[in-house]
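Summary of structural features
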Amino acid sequence: MTDIFINYGTNLQKMTYELMEAANIAGRLNTTMKIGIKPNLVVSRPADGGATTHPEIVEGIIRYLQAYGINNITILEGSWVGDSTQLAFKNCGYTALAEKYGVKLHDTKKDKAVQVKSKGTSLNVCESALNMDYLINVPVLKGHCQTGMTCCMKNLKGCIPDSEKRRFHTMGLDKPIALLNTVLRPDLHIVDSVCGDLSFEEGGNPIVANRIMLGFDPLLLDSFGAQLMGFKPDEIEYIRIGKAYGIGKYADADTKELELGTENRPKTGVSHSNTVKKLSKFIEADSACSACYAALVYALDRAGGIRGESIKIGQGYRGKKCAGIGVGNCTKGCQTYVMGCPPKASDIVDFIKNNQNNILKD
Ligand code: SF4
């Protein structure tokens with residue numbers, strides 16, 4: 001059975017539809033169900049900044065559901081403390097989307113809180129999220145200044161009241177996030193890994209990967225996402241605690257991935273982010289796929305850059321012999337290279353560490 005469905009490309013609506021079709025999501029639903037879609041609209045900034053969920057992905061979900069006669073659909077979210085969800089709905093394209101398809105928008109900040117208990121701790125969760133028949137979590141895979149990264153598990157913070165969000169911070173964030181995931185269990189996760197931010201939940205340094213992922217286990221997807229960003233799953237505290245709580249399993253060598261659209265993998269474009277530009281000076285790219293390039297940028301950021309010659313990457317190196325270091329199977333003609341198509345950033349980080357005498361900056 002497939003654990004993670006992955007699609008690459010730039011037509012996000014079509015990619016999402018294809019993923020849901022490949023995973024036969026309609027086979028799990030019926031037309032009377034109340035469906036909730038939970039994007040990440042933490043701030044009211046458009047998705048190309050790297051903070052929020054692309055509305056085209058949610059549009060793909062809605063079109064898929066409506067094609068199967070499922071019309072009771074609500075998009076629900078509560079932006080972070082101090083930001084207006086209504087403004088986020090408008091500025092991120094969700095108000096227009098809701099009007100176009102006749103779906104409801106729901107601000108969870110206005111919700112009634114329901115007290116639930118997990119492992120001896122009481123948590124307040126928004127009623128609307130608990131009352132859905134089928135909840136679809138649509139997070140952004142991106143960096144986070146406190147937890148290192150955020151994806152499926154942390155995205156559920158939009159389903160708790162503002163007072164509870166504040167309390168989560170006083171509780172250290174990691175443990176309450178893991179606890180929340182024991183009581184609120186979305187049925188499906190569709191991860192926006194199109195251009196998540198390098199290190200900050202508010203965006204500003206988007207890293208273009210042009211990827212969407214679908215799965216059912218939030219811990220598996222988060223641990224997989226951690227590796228795509230250059231972390232070991234255990235390095236992310238809420239994932240480590242979540243594993244101990246039995247939320248799911250880690251992505252490992254046995255994880256079954258089904259990749260769609262590999263032949264259409266877009267090439268990386270020019271980034272307007274200064275951080276990415278700085279890291280790009282360590283890279284010698286020739287027709288690199290964006291997912292491959294993104295992995296190398298994440299790895300270089302985690303390593304703090306390198307010294308010596310730059311790292312080669314891209315399809316332009318296919319079948320060529322060249323000196324130095326390469327990243328990705330296309331560069332197997334290099335003296336030494338990191339395997340994968342695309343490789344995980346965590347493997348590139350390991351490679352840099354293992355060769356640190358030659359590669360790492362003093
Ligand atoms: S190894 Fe080559 S084909 Fe594979 S993702 Fe990287 S650049 Fe693209």
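Keep in mind it's a predicted model, so treat the numbers as computed, not measured.

Examining the packing of helix α9 (residues 218-228) against helix α10 (residues 237-244)
- Two elements in contact, α9 and α10, have axes whose closest approach is 10 Å; the angle formed by their N-to-C orientations is 145°. α10 is crossed by α9, and the crossing has left-handed handedness. In this structure, α9 uses L219, D222, S223 and A226 to contact α10, whose residues at the interface are Y238, I239, G242 and K243.
- When grouped by side-chain class, the residues that make up the contact of α9 with α10 number four nonpolar, two polar and two charged.

Some points on the domain arrangement of the protein
- If you check the domain split of the protein, you get domain 1 (4-263) and domain 2 (274-359).
- Centre-to-centre, using C-alpha coordinates, domain 1 lies 30 Å away from domain 2.
- Residue-level contacts link 21 residues of domain 1 with 19 residues of domain 2.
- Both sides together, the interface formed by domain 1 and domain 2 hides about 1600 Å², and carbon and sulfur atoms give 55% of it.
- For D350, the salt bridge is made with K232, and the minimal N-O distance between the two is 2.8 Å.
- Inspection of the domain 1/domain 2 interface yields eight residue pairs in polar contact (both at pLDDT 80 or more).
- Sorting the residues of the side of domain 1 that touches domain 2 by element identifies α9 and β12 (257-260) as the ones contributing at least two each.
- It is α9 that provides the largest number of residues to the side of domain 1 that touches domain 2, a total of three residues.
- Of the residues contributing to the side of domain 1 that touches domain 2, the split by class is ten nonpolar, five polar and six charged.

Re the sheet that holds strand β10 (residues 188-193)
- Strand order in this open sheet of eight strands is β4-β3-β2-β7-β10-β11-β1-β12, and the pairing throughout is mixed. Of all strands in the sheet, those with a lone pairing partner are β4 (104-107) and β12, marking the two edges. Sheet twist, expressed as the average angle between the axes of neighbouring strands with direction ignored, equals 20°.
- Of the pairings in the sheet, the one linking strand β7 (residues 134-138) to β10 comprises two bridges and is parallel in character. Residue pairing for β10: I136 is matched across the bridge by L188.
- On the sheet, helix α4 (residues 94-101) packs against β2 (35-39), β3 (73-77) and β4 and is oriented at approximately 145° with respect to β4.
- Across the sheet, α9 lies against β1 (4-8), β10, β11 (211-215) and β12, angled at about 150° from β11, the strand it touches most.

The rules behind the values
Residues numbered from 1 in each chain as written. Predicted model: local features only at pLDDT ≥ 70, side-chain atom pairs only at ≥ 80, totals over all residues. Heavy atoms only, no water. Axes fitted to C-alpha atoms, helices over the stretch in contact; angles between N-to-C directions. Helix = DSSP H or I, 4+ residues; strand = E, 2+ residues; numbered from the N terminus. Left-handed = near helix turned anticlockwise from the far one by under 90°. Contact = heavy atoms within 4.5 Å. Nonpolar A, V, L, I, M, F, W, Y, C, P; charged D, E, K, R; others polar. Domains from an automatic or database assignment. Buried area = accessible area lost by both parts, 1.4 Å probe. Salt bridge = Lys/Arg side-chain N within 4 Å of Asp/Glu carboxyl O. Polar contact = N/O pair within 3.5 Å; in protein donor to acceptor, adjacent residues only side chain to side chain. Pairing = 2+ DSSP bridges.

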